Amino acid sequence: MTQIQTRRLFAGLMMLLSVVAATNGRFTPEQIDELGKACNASEEDLAIAKAYKVPTTETGKCLIKCMISKLGLLNADGSYNKIGTAAALKQYWTEWSHDKIELINDKCYAEASTAAPDVIPTCNYAYSVMACINLEAKNLGILQSS
């Protein structure tokens, strides 16, 4: 993944988190700090995240894993949660059609399902899940490139 793709991925995640905060107040800046502590994020990663840039460290990728797990995109074992992902996208991106959400979800679930069992619990796996969602949303014209 290139640095530009990585930045776009994290911008998509931050947009998702900002939509969450705007729609139900789940993630205020203070809560992101708390979440960062619960996710063992470094101060550097949190500062980068709050600036809508991409943390490229392993701890930054793990912050992404922790956040999308809390949003229900991953199962307890770290695997792709197809039902949870559909529900989260429908809840937090209400302007997206359900048909496009299903296309994204089907494509990313299929891609995630090819991962080896030892890869699934890793932060890189979670990072790739978010990258897929971001890329597919852009391909369908429902997420702007940054």
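All figures in this text were calculated on a predicted structure; none of them were measured in a lab. In every chain, residue numbers begin from 1 and rise along the written sequence. Under the rules for a predicted model, residues below a pLDDT of 70 receive no local features and side-chain atom pairs below 80 are neither given nor counted, while totals for whole chains, interfaces and linings still include all residues. Computation of side-chain values covers all heavy atoms of the structure but excludes hydrogens and water.

J.: Help me out: how do you make sense of the pattern of salt bridges in this one?
T.: When the charged atoms of two side chains lie near each other, side chains of opposite charge can form a pair. For salt bridges, the criterion is a side-chain nitrogen of Lys or Arg within 4 Å of an Asp or Glu carboxyl oxygen. On inspection of all chains with the given rule, the structure shows two salt bridges. Residues Lys-90 and Glu-102 are paired through a salt bridge, measuring 3.0 Å at the closest nitrogen-oxygen approach. On the criterion of sequence distance, the pair formed by Lys-90 in helix 5 (residues 82-92) and Glu-102 in helix 6 (residues 98-112) is long-range, its members being 12 residues apart. By relative accessible area, Glu-102 is classed as partly exposed at 28%. Counting from the N terminus, the helices are DSSP H or I runs at least four residues long and the strands are E runs at least two residues long. Burial status follows relative accessibility: with a 1.4 Å probe on protein chains alone, a residue under 20% of its type maximum counts as buried, one over 50% as exposed, and anything between as partly exposed.

J.: What should I look at first to understand the packing of helix 5 against helix 6 in this one?
T.: Axis angle and axis distance: for two packed helices, these are the angle between their axes and the distance between the axes, and together they describe the pair. Relative to each other, helix 5 and helix 6 sit at 145°, their axes nearing to 10 Å. Of the two possible hands of crossing, helix 5 and helix 6 adopt the one that is right-handed. Between helix 5 and helix 6, the residues in contact are Lys-82, Thr-85, Ala-86, Leu-89 and Lys-90 and His-98, Ile-101, Glu-102, Ile-104, Asn-105, Asp-106 and Tyr-109, respectively. Ten residue types, Ala, Val, Leu, Ile, Met, Phe, Trp, Tyr, Cys and Pro, are classed as nonpolar, four, Asp, Glu, Lys and Arg, as charged, and the remainder, Gly among them, as polar. Along the lines of polarity and charge, the residues of the contact of helix 5 with helix 6 split into five nonpolar, three polar and four charged. Fitting a line to C-alpha atoms yields each axis, with helices limited to the stretch in contact; the angle taken between N-to-C directions then spans 0 to 180 degrees. Two helices crossing with the near one rotated counterclockwise from the far one by less than a right angle form a left-handed crossing, whereas a clockwise rotation gives a right-handed crossing. Contacts between residues were defined by any pair of non-hydrogen atoms, one from each residue, lying within 4.5 Å.

J.: It is not clear to me how the nonpolar core should be interpreted in this structure. Could you clarify?
T.: In summary, soluble globular proteins display a tendency toward joint burial of nonpolar side chains. Judged by nonpolar contacts, the single largest core of 25 residues is most densely connected at Ile-68, Trp-96, Val-129 and Ile-133. Sorting the residues of this core by element identifies helix 4 (58-70), helix 5, helix 6 and helix 7 (123-139) as the ones contributing at least two each. For this core, the element with the highest residue contribution is helix 7, accounting for eight residues. Contact partners of Val-129, with chain neighbours within four places excluded, come to Ile-68, Leu-74, Tyr-80 and Ala-112. The next biggest cluster of nonpolar side chains, apart from the first, holds eight residues, and it includes Cys-39, Ala-41, Leu-46 and Cys-66. The definition of a nonpolar core used throughout is a set of buried Ala, Val, Leu, Ile, Met, Phe, Trp, Tyr and Cys residues joined through side-chain atoms within 4.5 Å.

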